Amino acid sequence: MTDSYGDRLDGVTKERVWRAHLAHHSFVIAELDYLRAMLQVAESDLPLDRIATPMHLTTFEVEMVLVQAADVTPARPGFSGANPYEICQRFAVGLLSRSEVVAELSTWDYAPEGEMRGLHAAPTRAAFDEVGLAFDHGLLDRTTFEEILKNLASQD
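Described in the following lines is the structure provided in the data block. Once a new chain begins, its residue numbering starts again from 1 and follows that chain's sequence as written. Local features in this predicted model are restricted to residues whose pLDDT is 70 or higher, and side-chain atom pairs enter the listing and the counts only when it is 80 or higher, whereas totals over whole chains, interfaces and linings include all residues. As a rule here, side-chain values cover all heavy atoms of the structure and leave hydrogens and water aside.

Topic: the overall build of the protein chain
Just so we agree on the cut-off: Under the DSSP-based scheme used, a helix requires at least four consecutive residues in state H or I and a strand at least two consecutive residues in state E, with every element numbered from the N terminus. Throughout, exposure labels follow a simple rule: accessible area from a 1.4 Å probe, protein chains only, divided by the maximum for the residue type, with under 20% read as buried, over 50% as exposed, and the rest as partly exposed. A contact between two residues is defined here by any heavy atoms of the two lying within 4.5 Å. All accessible-area figures derive from a Shrake-Rupley calculation using a 1.4 Å probe, and residue coverage is judged against the displayed protein chains alone.
Regarding its fold elements, the protein chain presents seven helices and zero strands. Going from the N terminus to the C terminus, the protein chain shows its helices and strands as α-α-α-α-α-α-α. Counting across all 156 residues of the protein chain, residues that qualify as buried make up 32%. Of the contacts formed within the protein chain by residues at least 6 apart in sequence, a portion of 54% connects residues at least 24 apart. When the accessible surface of the protein chain is split by element, carbon and sulfur atoms take 56% of a total near 9,700 Å².

Pasting the structure below:
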């Protein structure tokens, strides 16, 4: 567990903060999965009431979810997420094994150093900075991060 509080928190409080941190990432991933699933259901061209009824939602609620889902980037084909940070989140909350996260992040097509992505750019060319940020946020342990770096270096 990493933290940015240093010695200011006792062990029990650090553990509670860490659990909340992981719960936050679980929530984010669950929401992405829900929105992507709703988009898949909507692609079936069912009337909204046929979607809403078995889910115990109103058609208005389904409409609002679909509006929100329209902004969600799909997972990249062959990967568990739309970007490296999401893949790291899935690993941190236990949805990916260590070998899976290493394999995915070792084969991702990263943007060349210095290449900038626009806010609405396609997610296929994420910068490796996202992996570094995930490490800084405690989503990857040092051993896993170093294995990914080693694998990438061996590809050059």
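Description of the packing of helix α5 (residues 98-107) against helix α7 (residues 142-155)
Between two packed helices, what matters for the description is the angle formed by their axes and the separation of those axes. Where we set the bar: Lines fitted to C-alpha atoms define the axes, with helix axes restricted to the stretch in contact, and inter-axis angles between N-to-C directions lie between 0 and 180 degrees. Working rule for handedness: look at the near helix, and if it is turned counterclockwise from the far one by less than a right angle, call the crossing left-handed; if clockwise, right-handed. Each residue gets one label: Ala, Val, Leu, Ile, Met, Phe, Trp, Tyr, Cys and Pro are nonpolar, Asp, Glu, Lys and Arg are charged, and the others, such as Gly, are polar.
With their axes 9 Å apart at the nearest point, α5 and α7 run at an angle of 35° to one another. At the point where α5 passes α7, the crossing takes the right-handed sense. On the side of α5, the interface is formed by Arg-98, Val-101, Val-102, Leu-105 and Ser-106, while α7 contributes Thr-143, Thr-144, Glu-147, Ile-148, Asn-151, Leu-152 and Gln-155. Among the residues forming the contact of α5 with α7, the class breakdown is five nonpolar, five polar and two charged.

A closer look at α7
Under the convention used in this document: Expected helix span is computed as 1.5 Å times (number of residues minus one). Any pair of N or O atoms that falls within 3.5 Å is considered a polar contact. Within protein, one atom must be able to donate a hydrogen and the other to accept it, and sequence-neighbouring residues count only if both atoms are side-chain atoms.
For α7, spanning 14 residues, the distance from its first C-alpha to its last is 20 Å, which sits close to the expected 20 Å at 1.5 Å a residue. Those residues of α7 hidden inside the fold are in contact with α4 (84-92), α5 and α6 (129-136). The opening residue of α7, the one whose side-chain oxygen lies 3.1 Å from the backbone nitrogen of Thr-143, is Asp-141.

Observations concerning the pattern of salt bridges
Operational definition: Salt bridges are identified by distance alone: a Lys or Arg side-chain nitrogen within 4 Å of an Asp or Glu carboxyl oxygen.
Counted by the stated rule, this structure contains five salt bridges. When the shortest N-O distance is used, the salt bridge between Arg-90 and Asp-33 registers 2.5 Å. With a gap of 57 residues between them, Arg-90 in helix α4 and Asp-33 in helix α1 (residues 11-42) connect regions that are remote in the sequence. Take Asp-33: its relative accessible area is 34%, and that puts it in the partly exposed class. For the salt bridge of Arg-90 with Glu-86, the shortest nitrogen-to-oxygen distance reads 3.0 Å. Residue Arg-90 and its partner Glu-86 are located together in helix α4, separated by four residues, close to a single helical turn. A single burial state applies to Arg-90 and to Glu-86, both of which are buried. One connected set of salt bridges, linked through shared partners, spans Asp-33, Arg-36, Glu-86 and Arg-90.

Some details on the side chain of Ser-80
Position of Ser-80 relative to the elements: it lies in the loop between α3 (59-69) and α4. Relative accessible area serves as the criterion here: at 19%, Ser-80 is assigned to the buried category. Dropping the residues within four chain positions of it, Ser-80 is found in contact with Ala-75, Glu-86, Ile-87, Arg-90, Leu-96 and Glu-104.

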